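Commentary on secondary and tertiary structure
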Amino acid sequence: MSCTVKDRKCVRRAAKALRDTAPTVAVDVVAPGASQYDQWTLDAVLRDVKGIPPEVLPELALAGLTLRPTPSQGEFEHITCIVLR
């Protein structure tokens, strides 16, 4: 699959929106070469939530991101999303 500048911008925009709408501990944008998925990837850790907050889902969908299953880690919720084109 081709990883484009547009994909990178979409993931960065989603990362910013996530920081603005959810209680984040960390939000990372991972380049395809460093991602286990070989795609632009958004990795985030949220605090004080159970599951993915509903207000976050529209931001991820607007960016064209697909959620990957990631288990919760204690009091933190780990979110991994990738661009599928």
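Residues numbered from 1 in each chain as written. Predicted model: local features only at pLDDT ≥ 70, side-chain atom pairs only at ≥ 80, totals over all residues. Heavy atoms only, no water.

**Considerations on the sheet that holds strand 1 (residues 24–30)**
Here we have 4 strands laid out as an open sheet, ordered 1-2-4-3, and antiparallel in their pairing. Both outer strands of the open sheet, strand 1 and strand 3 (65–68), are each paired with one neighbouring strand and no more. Between one strand axis and the next, the sheet turns by 20° as a mean value, whatever way the strands run. Two strands pair when backbone bridges link them, and strand 2 (residues 41–47) and strand 4 (residues 76–83) are joined in this way by 7 bridges, in the antiparallel orientation. (Pairing = 2+ DSSP bridges. Helix = DSSP H or I, 4+ residues; strand = E, 2+ residues; numbered from the N terminus. Axes fitted to C-alpha atoms, helices over the stretch in contact; angles between N-to-C directions.)

**Topic: the nonpolar core**
Formed by 19 residues in total, the largest nonpolar core has its most connected members in Leu 18, Leu 42, Leu 60 and Leu 65. Residue assignment for this core shows that the elements contributing at least two residues are helix 1 (5–21), strand 2 and strand 4. When residues of this core are assigned to their parent elements, the largest contribution, 5 residues, is made by helix 1. If near-sequence neighbours (up to four positions away) are discounted, Leu 42 is found in contact with Val 11, Ala 14, Ala 15, Leu 18, Val 27, Asp 28, Leu 60, Leu 65, Ile 79, Thr 80 and Cys 81. (Core = buried A, V, L, I, M, F, W, Y, C linked by side-chain atoms within 4.5 Å. Buried < 20%, exposed > 50% of the residue type's maximum accessible area, 1.4 Å probe, protein only. Contact = heavy atoms within 4.5 Å.)

**With respect to the environment of Leu 84**
Tracing the sequence through the fold places Leu 84 in the segment after strand 4. Taking relative accessible area as the criterion, Leu 84 reaches 41% and is therefore assigned partly exposed. Aside from chain neighbours lying at most four places away, what touches Leu 84 is Gly 64 and Thr 66.

Nothing here speaks to function; it is all geometry.
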